[in-house]
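# Fold and contact review
The residues making up each chain are set out below.
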Amino acid sequence: LLNTRFSNLKNKQNPKRIILNFESELPLDLKILKNDGISTIVFSKNKQILDTHIKQYILPTNNFETNFNFLLKKLYEENIHHVLIEPGAILIKNILNTRLFDELCLLTSPNEIKNGYKWKGIKNEKLKLIEKKKIGDDWLEEYNNDVINN
């Protein structure tokens, strides 16, 4: 799980965990829901009984763009201004289609996940590539959301 366990920083403040759940309910035995002192916020379609250390927001609609804007507004109200998203193919496709980001850092691994939707890349997106570099066996591509051609 994402935390600062390997950091040498004096102030090891763990990032808040944000869970976006479009399914009916989260299994309560998920490791990410454990009360380990790290703040967790869940955005979901339906109200669920969760431990008191977890803040929950109910998504207003079934529309991705409306829900994602709602999520961004609530994160802003929580004083969260930078978000690291670890999406699957469907979530990243929706984020790219709605262009609801300022900067995109895409880390691609040669390791293949057997189940789920296959990522096809962002070749057709009108994003400005800032930098591309190899990190170990992975590739890091940094884009910003400035439209190249209107």
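What you see is a predicted model, and the numbers here were worked out from it, not measured in a lab.

If you trace the backbone, Lys-74 turns up in helix H1 (residues 64–77). Looking at Lys-74, the relative accessible area reads 17%, which means it is buried. If near-sequence neighbours (up to four positions away) are discounted, Lys-74 is found in contact with Phe-43 and Tyr-57.

Another aspect to go through is the packing of aromatic side chains. Within this structure, the stated rule accounts for 5 aromatic pairs. Geometrically, the ring pair formed by Phe-22 and Phe-64 is tilted, given 6.3 Å between the ring centres and 50° between the ring planes. Within this pair, whereas Phe-22 is found in the loop between strand S1 (17–21) and strand S2 (40–44), its partner Phe-64 is found in helix H1, the two being separated by 42 residues in sequence. In this structure Phe-64 comes out as buried when scored by relative accessible area, which is 13%. Ring centres of Phe-43 and Tyr-57 lie 5.2 Å apart, and the angle between their planes is 20°; on these two criteria the pair is classed as stacked. Of this pair, Phe-43 sits in strand S2 while Tyr-57 sits in strand S3 (residues 54–58), placing them 14 residues apart in sequence. With relative accessibility at 16%, the residue Tyr-57 sits in the buried group.

Moving on, we get to the confidence of the model for the protein. In this model, the protein carries an average pLDDT of 81, and 84% of its residues clear a pLDDT of 70 or more. Ranking the elements of the protein by mean pLDDT puts helix H2 (residues 89–98) last with 80 and S3 first with 93.

Calculation rules
Residues numbered from 1 in each chain as written. Predicted model: local features only at pLDDT ≥ 70, side-chain atom pairs only at ≥ 80, totals over all residues. Heavy atoms only, no water. Helix = DSSP H or I, 4+ residues; strand = E, 2+ residues; numbered from the N terminus. Buried < 20%, exposed > 50% of the residue type's maximum accessible area, 1.4 Å probe, protein only. Contact = heavy atoms within 4.5 Å. Phe/Tyr/Trp six-rings, centres within 6.5 Å; stacked < 30°, edge-to-face > 60°. pLDDT = per-residue confidence, 0-100.

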